[in-house]
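This is what each chain is made of:
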Amino acid sequence: MRVPRQTSRGWTRAAPAALLAVLSAALVFWLAVIPATHVQAATYTVNSTNDAVDAEGCNAPHCSLREAINAANGTVDDDVIAFSTSGTIVLAGPLPAITDDDLIINGGGQQVSLTAPGNAFSVHADRVKINNLVIDGEGIGSLGIGANNFADDLLLDSVTVRDFTGDGFLNAIGSGGMRTIIRNSTFTDNDARGIELNGGEDSLVQNNVITNNGDGLLVSYEDRYVIQGNTFSGNAGAQILIADMTGGQSGSIIQNTITSGSDGIVVDSSPGVDPAATIDIGLSVENRNVFRGTIAAPAEQHLRNLSAADIDAIYNDWDAYSPAAIEGVICHDGEAGCGGGEVDFEPYVDTPSPLPTATGTPTVTVTPGAATPTATATPTGTTGDVETVALVAGCNPVAWTGTNATPIANIAGATAPAGILVAIWQFEGGVWLGYSPQFPDVSDLTAMDRLDVAFVCVSTAGTFSRPII
């Protein structure tokens, strides 16, 4: 209860006692109007695969998932739903909407199957957590998990959502919830999208497997979203579709592995992404995305920019190592069928530039689904009389003074200390040839001749050793 502020003149010795009396009366009134069903928070254990609701509710010896949600909705916050049953819970229809703030559903690997149209789960509350649950639409259910416009701080962790006729997850169109986190989960075989985010802020989609859906992930009017460390593959449309963003909205796409026989990332138009919106893809060696898959350009692209926005996409692995090859898998800058917005994919064009430092984006130690470095023979450095050339962080023009046809692995071994080499680039015959110690099997720079000049790109300052002429 709010008490009006008083000046010192208005207070008497009786004021504290009077205030206490008012507060006590308010408390008595508040307790009197609480519904009888609004009781203390509790843990409800689902012990039956039966979908029935009976007069007993969620009480021994029977508690269905439907009854557990009803019971949680009738209490104060901080309830928990756990499972002690085995076998699939078959739902005859959509579950009740979750209206209990701070509800935790600990699935324990339990499978829930919806055998009728509609939403399996609907979230209409804040700070709901759903963990370790398999949600199957059986090719009949419409939507796996749906969150309404004002469901903030939703966490989905280690869930599997599959085989729905619509989306696996949908954050309702409109002013979507704040701080949605979806991580360590699998979204597969959903006819529309694996995940769809609409109108929210500060969402994080991290370390998921998103495969064989209509589109993998759709983002519309989201601000400050981060798509990080996911594995996208086999989605029929785009692996990632950025449908709409207004001026001033921003998003980051980092550390993902995107494998496709269709489009990888599509930045849409009409109305699409405003030219003043910001989309960062990669931006540093640590945050690079890896693009793979057999695509048939120009109908398919690793990155298709249909908008008028300029996109910063440097330091990604496009499965191509020359400007011409990369241009073949990126559609932008007024090319046929694409918008006027440009895609900056340096250092693969023009002169390689110093490595940028990523700011404002999270990083992870392990990137699920990232390409595994291929084991190669240990590089051999230079021998005999040598001279040492200082390297600065970035790309350094260096002339090779050794013998003709020196294997590129030996030249890579001439950099010190170990681990700082990012790439070696050489401009030859009008194209850039590149070598990456992390992806030697797809590098097209294999050797260098005496007095060839290359750009040696390193992450920190170091040295390069070469024979004295």
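Since we're looking at a predicted model, the values are computed, not measured.

**Student:** Tell me about the packing of aromatic side chains, residues and numbers included.
**Tutor:** Tallied over the full model, the rule gives 2 aromatic pairs. Centre to centre, the rings of Phe 291 and Trp 318 are 4.4 Å apart; their planes meet at 15°, and the pair counts as stacked. Here Phe 291, found in strand β24 (residues 290-292), pairs with Trp 318, found in the loop between β26 (311-312) and α3 (323-327); they are 27 residues apart in sequence, far enough to count as distant. Overall, Trp 318 belongs to the buried group, its relative accessible area being 1%.

**Student:** Any chance you could break down unusual backbone geometry for me, citing the residues and the numbers?
**Tutor:** Note that the residue after Ser 270, namely Pro 271, is joined by a cis bond; omega there is -10°. Inspection of the secondary structure assignment puts Pro 271 in the loop between β22 (265-267) and β23 (278-281). A cis amide bond links Ala 297 with the next residue in sequence, Pro 298, at an omega value of 5°. Although it is not a glycine, Glu 138 adopts a positive phi angle of roughly 55°. Positionally, Glu 138 belongs in the loop between β6 (129-136) and β7 (143-147). Located in the positive-phi region is Ser 158, a residue other than glycine, with phi close to 60°. Tracing the chain through its elements places Ser 158 in the loop between β8 (155-157) and β9 (160-162).

**Student:** Tell me about the sheet that holds strand β25 (residues 303-305), residues and numbers included.
**Tutor:** Spatially, β5-β7-β10-β13-β16-β19-β22-β25-β27 is the arrangement adopted by the 9 strands of the open sheet, whose pairing is parallel. Only two strands of the sheet have a single neighbouring strand rather than two, namely β5 (119-123) and β27 (330-331). In terms of strand pairing, strand β19 (residues 240-244) meets β22 through 3 bridges, oriented parallel. Each residue of the ladder has a partner; that of Ile 242, found in β22, is Val 267.

**Student:** Now, about the nonpolar core: what can you tell me, with residues and values included?
**Tutor:** Membership of the largest hydrophobic core comes to 70 residues, with the highest contact counts inside it found for Leu 65, Phe 121 and Phe 169. If one sorts the elements of this core by residue count, helix α2 (residues 65-73) sits on top with 4 residues. Excluding residues that lie within four positions of it along the chain, Leu 65 makes contacts with Val 46, Ile 81, Phe 83, Ile 89, Leu 95, Val 112 and Phe 121. Core analysis: the second largest hydrophobic core is formed by 18 residues, Ile 408, Leu 421, Tyr 435 and Ala 454 among them.

**Student:** Describe the side chain of Asp 167, and please don't skip the residues or the numbers.
**Tutor:** For Asp 167, the location among the structural elements is in the loop between β9 and β10 (169-171). Salt bridges are absent for the buried Asp 167, whose nearest opposite-charge side chain, Arg 193, sits at 4.9 Å. In contact with Asp 167, other than residues within four places in its own chain, are Ser 142, Leu 143, Gly 144, Asn 190, Ala 192, Arg 193 and Glu 196.

**Student:** Give a description of the pattern of salt bridges that names residues and reports values.
**Tutor:** Tallying each qualifying case throughout the model produces 15 salt bridges. A salt bridge links Arg 66 to Asp 51, with the nearest nitrogen and oxygen atoms 2.9 Å apart. Placement of the pair is Arg 66 in helix α2 and Asp 51 in the loop between β1 (43-46) and α2, with a sequence separation of 15 residues. Overall, the relative accessible area of 14% leaves Arg 66 in the buried class. In this structure Asp 51 comes out as buried when scored by relative accessible area, which is 16%.

Parameters and conventions
- Residues numbered from 1 in each chain as written.
- Predicted model: local features only at pLDDT ≥ 70, side-chain atom pairs only at ≥ 80, totals over all residues.
- Heavy atoms only, no water.
- Phe/Tyr/Trp six-rings, centres within 6.5 Å; stacked < 30°, edge-to-face > 60°.
- Helix = DSSP H or I, 4+ residues; strand = E, 2+ residues; numbered from the N terminus.
- Buried < 20%, exposed > 50% of the residue type's maximum accessible area, 1.4 Å probe, protein only.
- Pairing = 2+ DSSP bridges.
- Core = buried A, V, L, I, M, F, W, Y, C linked by side-chain atoms within 4.5 Å.
- Contact = heavy atoms within 4.5 Å.
- Lys, Arg positive; Asp, Glu negative; His and termini not counted.
- Salt bridge = Lys/Arg side-chain N within 4 Å of Asp/Glu carboxyl O.

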